[in-house]
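Residue-level listing of the chains:
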Amino acid sequence: MAILLLDDGTVESDLGEISRELSPLGIYLKHYDPGTSLLFPNLIEQDVLTDSEKRFIVELHNGVFEFLQQENGYVWCDLLNLHPGSFNLETLIAGYNRYHTHTAAEPLYILAGEMIFGFIRPDGSQVQLLVQPQDYIYIPAGVEHWCSPTASLHCKAVRYFSTADGWVPNYTGTHLRDSLNKPR
Ligand SMILES: CSCCC(=O)C(=O)O
Ligand SMILES: [Fe+2]
Ligand code: NI
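Residues numbered from 1 in each chain as written. Chains lettered and ligands numbered in written order. Predicted model: local features only at pLDDT ≥ 70, side-chain atom pairs only at ≥ 80, totals over all residues. Heavy atoms only, no water.

Going by what an unreviewed UniProt entry lists, the protein chain is known as acireductone dioxygenase (Fe(2+)-requiring) and is assigned to Nostoc minutum NIES-26. You can read under Cofactor (unreviewed entry) in the UniProt record for the protein chain the words "Fe(2+)". UniProt, in its Catalytic activity (unreviewed entry) section for the protein chain, records the words "1,2-dihydroxy-5-(methylsulfanyl)pent-1-en-3-one + O2 = 4-methylsulfanyl-2-oxobutanoate + formate + 2 H(+)". (UniProt positions renumbered as here; feature names shortened; annotations may be inferred.)

K.L.:
I'd like to hear about the pattern of salt bridges, residue by residue, with values.
P.N.:
In the structure shown here, the tally under the stated rule is 3 salt bridges. Note that Glu-21 is salt-bridged to Arg-121, the shortest N-O span being 2.3 Å. Of the two residues, Glu-21 sits in helix α1 (residues 15-22) while Arg-121 sits in the loop between β7 (115-120) and β8 (126-131), which places them 100 residues apart along the sequence. A salt bridge links Asp-78 to Arg-159; the shortest N-O distance between them is 2.8 Å. Pair noted here: Asp-78 is in strand β4 (residues 76-82) and Arg-159 is in strand β11 (residues 155-161), with a separation of 81 residues, a long-range link. For Arg-159, a relative accessible area of 18% puts it in the buried group. (Salt bridge = Lys/Arg side-chain N within 4 Å of Asp/Glu carboxyl O. Helix = DSSP H or I, 4+ residues; strand = E, 2+ residues; numbered from the N terminus. Buried < 20%, exposed > 50% of the residue type's maximum accessible area, 1.4 Å probe, protein only.)

K.L.:
Lay out the packing of aromatic side chains with the relevant residues and their values.
P.N.:
One pass over the structure, following the stated rule, counts 12 aromatic pairs. Ring geometry for Tyr-28 and Tyr-136: centres 6.4 Å apart, planes at 75 degrees, overall edge-to-face. Pair noted here: Tyr-28 is in strand β3 (residues 28-31) and Tyr-136 is in strand β9 (residues 135-139), with a separation of 108 residues, a long-range link. Pairwise contacts between aromatic rings join Tyr-28, Tyr-32, Phe-65, Phe-67, Tyr-74, Tyr-109, Tyr-136 and Tyr-160 into one cluster. Above the plane of the ring of Tyr-171 lies Arg-98, whose end atom (NZ or CZ) is 3.9 Å from the centre. (Phe/Tyr/Trp six-rings, centres within 6.5 Å; stacked < 30°, edge-to-face > 60°. Lys NZ or Arg CZ within 6 Å of the ring centre and 35° of its normal.)

Printed below as a string of structure tokens:
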């Protein structure tokens, strides 16, 4: 289940409250229980996946969650598989964890592991959202965000794309505010 950290140190773990906090940005969050990870338990445990194993996972997942694609008009999707041995992990993280936008929406469904997203609320405050297995998050086009794996460096997520070229980052130059270290 998702957890939201506000910039005053408040932690919110109630999904309804989190949704209310993020709704001014058009961000949509939902938790689906049961998820689809139980359809491929051995592959979920595996760090390295072949392309055909990834396709197998995505196909089984979409057999259950086809409505997500249909409702939103996603044209293709893939499996993001981050683990400690991921190729170019540091470069990947460095690309994700700067504020950026996309011309298309960024929706993803977390199968395993977790991910942190950062957003800027209309009042200028910065928040961090932890997403966990069976969470589905939808970030609308144009909404500034950054993203990072957690210390476990594990995340398996289905990424949904509504344009052929996927999520091209437009870096905005906004600086991350580390709410835990900010002077009080
Ligand atoms: C690793 S999940 C999404 C990260 C991100 O914001 C992106 O790829 O654009
Ligand atoms: Fe992004
Ligand atoms: Ni591992």
